[in-house]
Amino acid sequence: MDPHDEFVAHFLQVERDLRAFIGSLVRDWHLRDDVFQEVALALFRQREQYDRTRPFGAWARGIAANKILQRKAQDHRFPVAFAPETIQAVVDAFDAEEEADSPKAGALRRCIDQLPPRSRALIDQRYEQGIKPAAIAERSGRTLDAVYQALSRVRQVLEDCVGRQLADGGSR
Amino acid sequence: MNLSDRGRWLIDRYLDDGLAPAEIAELEQLLQDDPETAATFVCAARLDAALCEDLATDRDAAALEALFRREEELSGKLPVITSLPPPLRTDETPILWTAWSRWVPTAVIVAAAVLIAVALFVPRGEESPPTAKVLSGTITVDGKAVQEVPVERALTVAGRESATLQFVDGSRMTVQPESQAILHRPEGEIRQRVELQKGQAKFAVEKAAGSFRVETAEMRLIVGGTEFTVRVVPAIVAGERRTIQRTEISVASGRVYIQTDGEPVALNGGQRRVFPGEEPDRPRPKVRDEEEHRNKVIDPRRGEREPPKREPPKREEPRLEEPRREVPRKEGGDAPRREGPARPVDGKRVLDNPARPAQREKR
């Protein structure tokens, strides 16, 4: 396969998980897109250095982690909460769980559709509209803690549901 | 509360931007020391990212609407042949034509010979450049299995397994057995045009310059970057002993625009629609304000939004639907911007980077 095509094929395979990795460290939803694009460009420029004996995803996450640390070093306000040692622990955890638990789009969509209306509305506010929990609490007249708990419960339900769907072969 | 419960609690709060600095330090310690917490963190982060990706498709709405408008403008620029020039009347036949007419058969024979010679000596690859590679399964063209699919030739899936193709732009098409399609040449701003003649194909379209089109006899579908399935199926007409062909579209994520004989239709992730006929389903009922319940019509020529006219629904001419919630736009046409959860650092909320442009090109 042509090296360029090979790179593109590898990149497309890990794109979703790379976004998840960056998003797990950079909690600002806009900045994580910036970082992702920067990392994608860095991967493309360094594609000759990729060691084919290693998983592409691990290589990509390594470069992403370095980019995030660089951004943090350049700007102390850059929103990364974790210390370098913790970032390394997260890198290791992603490497160990290599895409095994990555939610498949179809399965997740089906699980979202099965949510009760109230849970669905909550998850829409949080993820579709990007509203912060504090604002959700204010709008709905619930306490902030109740919103946190509800979001946690909905995510747990979705996680279990996706796991069941994938186990049943429902992602096809 | 045991250690893993505490870990889960910290992870959830972290994802919702709700941890105090001391709790972040506690989570960091757990992530470094406890592999179980770290694995749970990875799982939760993947779900969090997937929810962001799958639900926040409105982010792409503005770009796709612009793409759609451009398509319409492009169509409008094409010359339209309204009538053929009137044929020459016999009494107006030029005299010179009569003199040259006896040489015409010879000229035709010479031209045909030249064309045959050119056809024989020009490599077939140049005549039909490949637009897609076969990643899995068996694709046949003219009865022969191929690894690279040429344009303008009918492809079929051999065997009982589906086949996956990858286009030059990275987009993928998974074709079911007994399906038939033609990959057409790119034209202008259309980077890929696929004609599904029979069967079913699932598309994962990458975002790139230009548009990706899928056509069936019933509709033309235009997308930027999304995942959807197109199925061409025969359907029995109720009360009649005949079948017609229908096209069923199911959108997994993103948004697609569909042109039919009627008004253009926009479908979002999770929606399904059949052309012609069948009312749109609404698998994702949402709690919304009454005003937000109104469907919105995109006039592709003017790019305006206006409420639909209150007319009885026609089964064969489905109305455009726009069921997703639209976040009010800023003045100047900025794309809807979401309040991303800025996370706390040293107990303070961090604002967006002021240097970042308000509207960026996405991916």
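Residues numbered from 1 in each chain as written. Chains lettered and ligands numbered in written order. Predicted model: local features only at pLDDT ≥ 70, side-chain atom pairs only at ≥ 80, totals over all residues. Heavy atoms only, no water.

Asker: Hey, could you run me through the overall build of chain B in this one?
Answerer: From N to C terminus, chain B includes eight helices and 20 strands. In chain B, which comprises 363 residues, the share counted as buried stands at 44%. Sequence separation of at least 24 residues holds for 50% of the intrachain contacts in chain B that already meet a minimum separation of 6. Summed over all atoms, the accessible surface of chain B reaches about 20,200 Å², with 55% contributed by carbon and sulfur. (Helix = DSSP H or I, 4+ residues; strand = E, 2+ residues; numbered from the N terminus. Buried < 20%, exposed > 50% of the residue type's maximum accessible area, 1.4 Å probe, protein only. Contact = heavy atoms within 4.5 Å. Areas by Shrake-Rupley, 256 points an atom, 1.4 Å probe, with all protein chains shown as cover.)

Asker: Hey, could you run me through the overall build of chain A in this one?
Answerer: Counting its secondary structure elements, chain A contains eight helices and zero strands. The order of helices and strands in chain A, counted from the N terminus, is α-α-α-α-α-α-α-α. A total of 172 residues make up chain A; the buried ones form 54% of that total. Long-range pairs, those at least 24 residues apart, make up 65% of the contacts in chain A between residues at least 6 apart in sequence.

Asker: Which parts of the structure should I look at to understand the packing of aromatic side chains?
Answerer: How two aromatic rings sit relative to each other is set out by the distance from centre to centre and by the angle between their planes. Residues and elements named next belong to chain A. Applying the stated criterion across every chain, the model contains 14 aromatic pairs over all chains. Considering the side-chain rings of F7 and F11, the 5.9 Å spacing of their centres and the 20° angle between planes classify their relative orientation as stacked. A residue pair is termed a helical-turn pair when its members lie 3 or 4 positions apart in one helix, as F7 and F11 do in helix α1 (residues 3-25) at four residues. Under the relative-accessibility criterion, F11 is labelled buried at 13%. For the cation-ring pair, R19 lies above F36, with the distance from its terminal atom to the ring centre recorded as 3.8 Å. Against the face of Y127 rests R126, its NZ or CZ located 6.0 Å from the ring centre. (Phe/Tyr/Trp six-rings, centres within 6.5 Å; stacked < 30°, edge-to-face > 60°. Lys NZ or Arg CZ within 6 Å of the ring centre and 35° of its normal.)

Asker: Please clarify how unusual backbone geometry should be interpreted in this entry.
Answerer: What is expected of a backbone is that most residues other than glycine have negative phi and most peptide bonds are trans. Residues and elements named next belong to chain B. For D142, which is not a glycine, the phi torsion comes out positive at approximately 55°. Locating D142 in the fold gives a position in the loop between β2 (138-141) and β3 (144-146). Look at D142 and you get exposed, because its relative accessible area is 59%.

Asker: Just to check I follow, could you spell out the pattern of salt bridges for this structure?
Answerer: Opposite charge on two side chains makes pairing possible when the charged atoms of those side chains draw close. Scanning all chains against the criterion turns up 20 salt bridges over all chains. Between R46 of chain B and D17 of chain A there is a salt bridge whose closest N-O contact spans 2.5 Å. One end of the pair, R46 of chain B, is in helix α3 (residues 35-55); the other, D17 of chain A, is in helix α1, on a second chain. Grouping residues by exposure puts R46 of chain B and D17 of chain A together as buried. R27 of chain A serves as the salt-bridge partner of D48 of chain B, at 3.2 Å between the closest nitrogen and oxygen. Here R27 of chain A lies in the loop between α1 and α2 (31-45) and D48 of chain B lies in helix α3, a pairing that spans two chains. Here the two residues D48 of chain B and R27 of chain A agree in accessibility, since each one is buried. (Salt bridge = Lys/Arg side-chain N within 4 Å of Asp/Glu carboxyl O.)

Asker: Please clarify how the side chain of Q166 of chain B should be interpreted in this entry.
Answerer: Topologically, Q166 of chain B is positioned in strand β6 (residues 163-167). If sequence neighbours within four positions are ignored, Q166 of chain B has contacts with L12 of chain A together with T131, A132, K133, L135, S171 and R172 of chain B.

Asker: Sorry if this is basic, but what is going on with the environment of R47 of chain A here?
Answerer: Residue and element names in this part refer to chain A. As for its position among the elements, R47 is in the loop between α2 and α3 (56-74). By relative accessible area, which is 25% here, R47 ends up partly exposed. With 41 residues separating them along the chain, R47 and E6 place their C-alpha atoms 9.7 Å apart. When sequence neighbours within four positions are dropped, the list of residues in contact with R47 reads F7 and W59.

Asker: Looking at this structure, I do not really get the packing of helix α4 (residues 84-96) of chain A against α3 of chain B. What am I missing?
Answerer: A pair of packed helices is characterised by two quantities: the angle between their axes and the separation of those axes. One way to put it is that α4 of chain A packs onto α3 of chain B with a least axis distance of 9 Å and a crossing angle of 75°. In terms of axis orientation, α4 of chain A runs roughly perpendicular to α3 of chain B. On the side of α4 of chain A, the interface is formed by V90, A93 and F94 of chain A, while α3 of chain B contributes A38, F41, V42, A45 and R46 of chain B. (Axes fitted to C-alpha atoms, helices over the stretch in contact; angles between N-to-C directions. Parallel < 35°, antiparallel > 145°, perpendicular 65-115°, else oblique.)

Asker: What is the right way to read the state of the cysteines from this model?
Answerer: By definition, a disulfide links two cysteine residues through a covalent bond between their sulfur atoms. Residues and elements named next belong to chain A. One pass over the full model with this rule turns up one disulfide over all chains. For C111, the disulfide goes to C161, at an S-S distance of 2.1 Å. Residues C111 and C161 are joined through a disulfide that is left-handed, its torsion about the S-S bond being -85°. With C111 in helix α5 (residues 105-113) and C161 in helix α8 (residues 144-167), this pair connects stretches of sequence that are 50 residues apart. Here C111 matches C161 in class, with each residue buried. (Disulfide = S-S within 2.5 Å.)

Asker: Where do I start with the pairing of β2 of chain B in this structure?
Answerer: Taken residue by residue, a regular strand's side chains alternate between the two faces of the sheet. Residues and elements named next belong to chain B. Relative to strand β5 (residues 154-158), β2 runs antiparallel, the two being bridged by four bridges. Looking at β5, one finds that I139 is bridged to V157. Judged from the three bridges that link them, β2 and β3 form a sheet pairing that is antiparallel. Each bridged residue has a counterpart across the sheet, and for I139 the counterpart in β3 is V146. Here β2 hands over to β3 after two residues, with D142 in that stretch at a positive phi of 55°. (Pairing = 2+ DSSP bridges.)

Asker: Just to check I follow, could you spell out the nonpolar core for this structure?
Answerer: In a soluble, globular protein the nonpolar side chains are often hidden away together inside. Counting residues in each nonpolar core, the largest one holds 48 residues, and the members touching the most others are L18, F21, I22, L43 and F82 of chain A. For this core, the secondary structure elements donating two or more residues are α1, α2, α3 and α4 of chain A together with α1 (3-15), α2 (21-33) and α3 of chain B. Of all the elements, α1 of chain A adds the most residues to this core, at eight residues. Look past the residues within four positions of F21 of chain A in its chain and what remains in contact with it is R61, A64, A65, V90, V91 and F94 of chain A. Counting 35 residues, the second largest nonpolar core, distinct from the first, contains I139, V149, A163 and V205 of chain B. (Core = buried A, V, L, I, M, F, W, Y, C linked by side-chain atoms within 4.5 Å.)

Asker: Just checking my understanding: could you explain α8 of chain A for this structure?
Answerer: Each full turn of the α-helix corresponds to 3.6 residues, which orients residues three or four apart in the same direction. When the terminal C-alpha atoms of α8 of chain A are compared, their 35 Å separation across 24 residues agrees well with the 34 Å that a helix rising 1.5 Å per residue should span. Buried within α8 of chain A are the following residues: V147, Y148, A150, L151, S152, V154, R155, L158, E159, C161, V162 and Q165 of chain A. (Expected span 1.5 Å × (residues − 1).)

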